[in-house]
Amino acid sequence: MWLCSAGGPTALTALLQTVPEWLTCVAAYYPLMDMYGLASELPDLSPETVRQYSAMNHLKSNPANVPPMLVVKAGLDRPFFNDSIDRFMQEATNQRIPVELVTHPDGQHAFDLFNDDEVSRKIIRNTLSFFKLHLETAPAGK
């Protein structure tokens with residue numbers, strides 16, 4: 001699965017709760033990994049909603065469910081995105097979950113669309129190689 005941005009609180013949280021049999025790996029581009037950093041800006045969100053839609057929460061509670069994962073960070077993204085990625089990566093390190101992090105230092109949010117540069121192209125090529133590696137080595141039926 002390849003997800004971006006708001007795919008963190010929607011798709012990734014669902015996948016980490018109950019990993020489907022077909023899921024071999026995940027690439028997450030500039031994802032919002034937890035809602036805790038936004039809770040103060042969105043006061044109508046209940047604590048339960050924040051918890052439910054925070055991938056970080058599911059990483060803590062279901063570390064064995066994490067498939068091979070590539071997280072791509074846009075260096076010039078809004079702080080709440082990058083801070084959430086940093087917290088997620090720290091928790092993955094604490095849990096000893098191998099999650100690969102790649103950063104486009106000069107990339108804006110959606111750099112793969114808006115930063116037409118060699119760094120963007122290299123990150124996209126590396127993402128395709130990540131998928132190829134995990135899809136080719138997946139057990140039959142996945």
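Right, let's walk through the structure included here. (Residues numbered from 1 in each chain as written. Predicted model: local features only at pLDDT ≥ 70, side-chain atom pairs only at ≥ 80, totals over all residues. Heavy atoms only, no water.)

Now for the sheet that holds strand S1 (residues 2-4). Pairing in this open sheet of four strands is parallel, and the strands run S1-S2-S3-S4 from one edge to the other. Edge positions in the sheet fall to S1 and strand S4 (99-104), since each has one partner strand and no second. Each adjacent strand pair in this sheet contributes to an overall mean axis angle of 15°, direction not counted. Together, S1, strand S2 (26-29), strand S3 (69-74) and S4 form the strand contacts of helix H6 (residues 118-136), whose direction differs from that of S2 by roughly 160°. (Pairing = 2+ DSSP bridges. Helix = DSSP H or I, 4+ residues; strand = E, 2+ residues; numbered from the N terminus. Axes fitted to C-alpha atoms, helices over the stretch in contact; angles between N-to-C directions. Contact = heavy atoms within 4.5 Å.)

This paragraph deals with the side chain of Asn115. Position of Asn115 relative to the elements: it lies in the loop between helix H5 (111-114) and H6. Given the relative accessible area of 15%, Asn115 is considered buried. Each residue touching Asn115, except ones within four places of it in the same chain, is listed here: His104, Asp106, Gly107, Gln108 and Ser120. (Buried < 20%, exposed > 50% of the residue type's maximum accessible area, 1.4 Å probe, protein only.)

Moving on: the nonpolar core. With 20 residues, the main nonpolar core has Leu12, Met33, Met69, Phe88 and Val99 as its most contacted residues. Those elements giving two or more residues to this core turn out to be helix H1 (8-17), S2, helix H3 (55-61), S3 and helix H4 (79-95). In terms of residue count, H4 provides more of this core than any other element does, four residues in total. Membership of the second largest hydrophobic core comes to twelve residues, among which are Tyr30, Val72, Ala74 and Ala110. (Core = buried A, V, L, I, M, F, W, Y, C linked by side-chain atoms within 4.5 Å.)

Limitation: the analysis is restricted to geometry and does not speak to function.
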